[in-house]
Amino acid sequence: MTREEFQLLRDYVYEKSGIYFAENKTYLLESRLTNRLSELGCGSFEDYYYFLKYGGDKVKDEIINLFNAVTTNETSFFRNPPQLDAFNVIIQKNYLQNGLAETPLRIWSAACSTGEEPYTLVMLMLEMIEKYKKNIPFMVYGTDISTKALDSARAAHYTNYSVRNMDEPMKRKYFDEAEGVYRLKEHVKRHVKIDFMNLMDTNAYKTYRQMDMIFCRNVLIYFDDKMKKKVIDSLYESLKPREYLTIGHAESLHNISRAFKPLIFPGTIAYQKG
Ligand SMILES: C[S@@+](CC[C@H](N)C(=O)[O-])C[C@H]1O[C@@H](n2cnc3c(N)ncnc32)[C@H](O)[C@@H]1O
């Protein structure tokens with residue numbers, strides 16, 4: 001990939017997804033797009049760029065393939081436990097002690113990848129419902145830009161690696177396992193609505209309003225500051241007043257937004273809408 005080809009494709013990917021490949025990531029972008037070239041029979045990265053730019057009706061489908069190729073979908077069940085403990089505390093304090101909300105809780109896993117995050121949130125809710133013997137109506141929304149990841153999320157079949165943070169009783173409770181494949185039980189799946197959603201697309205947030213809790217973890221790292229601001233402002237609008245946002249433990253809202261109140265929990269921070 002030449003420098004010019006890298007710049008053309010880097011800018012195109014950024015314009016469509018907000019994902020920003022810095023100059024030192026040239027090799028990564030190249031390796032991720034090599035398959036697209038061979039599948040389309042493009043002779044060079046420049047040809048591929050011109051196809052994306054001027055390819056007519058076929059471009060819509062190719063953009064989906066492009067998103068599938070350039071995204072990093074690494075995730076797992078029960079990732080970053082301190083954030084999940086904070087989630088438990090917030091739900092207990094706000095919805096179990098202070099009385100239940102009139103409408104079902106709306107929880108959004110924005111950039112849910114292959115589903116481990118939204119399904120973890122369902123398990124946490126089900127555990128609390130069982131422990132406190134209170135019915136808390138809730139719905140979890142799982143969205144992502146990668147249709148490949150979303151297909152896996154819908155199938156909900158997982159490997160040992162995905163469930164490595166879970167103990168045996170929890171695995172048995174929530175999965176049917178056979179020959180190393182963990183099939184998520186239906187009663188967990190039915191709490192999650194999985195859909196395509198590009199965080200770059202301000203219009204698409206319309207469907208995700210009045211949220212009680214948003215998890216948007218480990219995706220801001222792929223954006224530049226301009227895109228981070230745009231996404232965080234939109235997520236702010238999607239929350240009900242005084243409700244909560246969780247971002248990845250290595251991510252920060254420093255220089256991105258002052259609209260949220262940071263709340264300190266053991267080992268983590270949650271952000272409350274003002
Ligand atoms: C590393 S995974 C994080 C998954 C999960 N949130 C977690 O923390 O385990 C990042 C996800 O962000 C998604 N993503 C990247 N850009 C996006 C965008 N513009 N809109 C929606 N999702 C995006 C990728 O497809 C990928 O599945």
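Look a little higher up for the structure.
Residues numbered from 1 in each chain as written. Predicted model: local features only at pLDDT ≥ 70, side-chain atom pairs only at ≥ 80, totals over all residues. Heavy atoms only, no water.

Colleague: Looking at this model, I keep getting lost on the nonpolar core. Mind explaining?
Modeller: Buried together is how nonpolar side chains tend to be arranged in soluble globular proteins. Among the nonpolar cores identified, the biggest contains 50 residues, and L33, W108, L199, I214, I232, L235 and L245 are the most heavily contacted of them. Only α1 (3–17), α2 (26–40), α3 (45–54), α4 (59–70), β1 (105–110), β7 (211–216), α10 (225–238) and β8 (239–247) provide two or more residues apiece to this core. Element by element, the count of residues in this core is highest for α4, at six residues. In contact with L33, other than residues within four places in its own chain, are L9, F45, Y48, L66, A69 and V70. By size, the runner-up hydrophobic cluster in this structure holds 44 residues, among which are L84, L126, V188 and M213. (Core = buried A, V, L, I, M, F, W, Y, C linked by side-chain atoms within 4.5 Å. Buried < 20%, exposed > 50% of the residue type's maximum accessible area, 1.4 Å probe, protein only. Helix = DSSP H or I, 4+ residues; strand = E, 2+ residues; numbered from the N terminus. Contact = heavy atoms within 4.5 Å.)

Colleague: How do you make sense of the packing of aromatic side chains when you look at a structure like this?
Modeller: How two aromatic rings sit relative to each other is set out by the distance from centre to centre and by the angle between their planes. Applying the stated rule across the entire model yields 14 aromatic pairs. Aromatic side chains Y14 and Y20 sit 5.9 Å apart centroid to centroid with 85 degrees between the ring planes, which places their arrangement in the edge-to-face category. Residue classification places Y14 among the buried positions, given a relative accessible area of 18%. Take Y20: its relative accessible area is 39%, and that puts it in the partly exposed class. When the ring of Y141 is compared with that of Y208, the centres are 6.1 Å apart and the planes differ by 80 degrees; the resulting orientation is edge-to-face. Linking Y141 in strand β2 (residues 138–144) with Y208 in the loop between β6 (192–196) and β7, this pair joins segments that are 67 residues apart in sequence. Y208 matches Y141 in its accessibility class, with the two residues each being buried. Three or more aromatic residues link up through ring pairs in this structure, and these residues are Y12, Y49, Y50 and Y54. (Phe/Tyr/Trp six-rings, centres within 6.5 Å; stacked < 30°, edge-to-face > 60°.)

Colleague: I'm lost on the site of the ligand in this one. Help?
Modeller: Taken together, the neighbourhood of the ligand is formed by 22 residues, with T75, R79, A111, D144 and N218 sitting nearest. E117 is positioned such that a nitrogen or oxygen atom in its side chain is 3.3 Å from a nitrogen atom of the ligand. Contact distances for the ligand include 2.6 Å between an oxygen atom and a side-chain N or O atom of D144. Taken by itself the ligand offers 590 Å² of open surface, and the protein chains cover 99% of this. (Near = heavy atom within 4 Å. Polar contact = N/O pair within 3.5 Å; in protein donor to acceptor, adjacent residues only side chain to side chain. Areas by Shrake-Rupley, 256 points an atom, 1.4 Å probe, with all protein chains shown as cover.)

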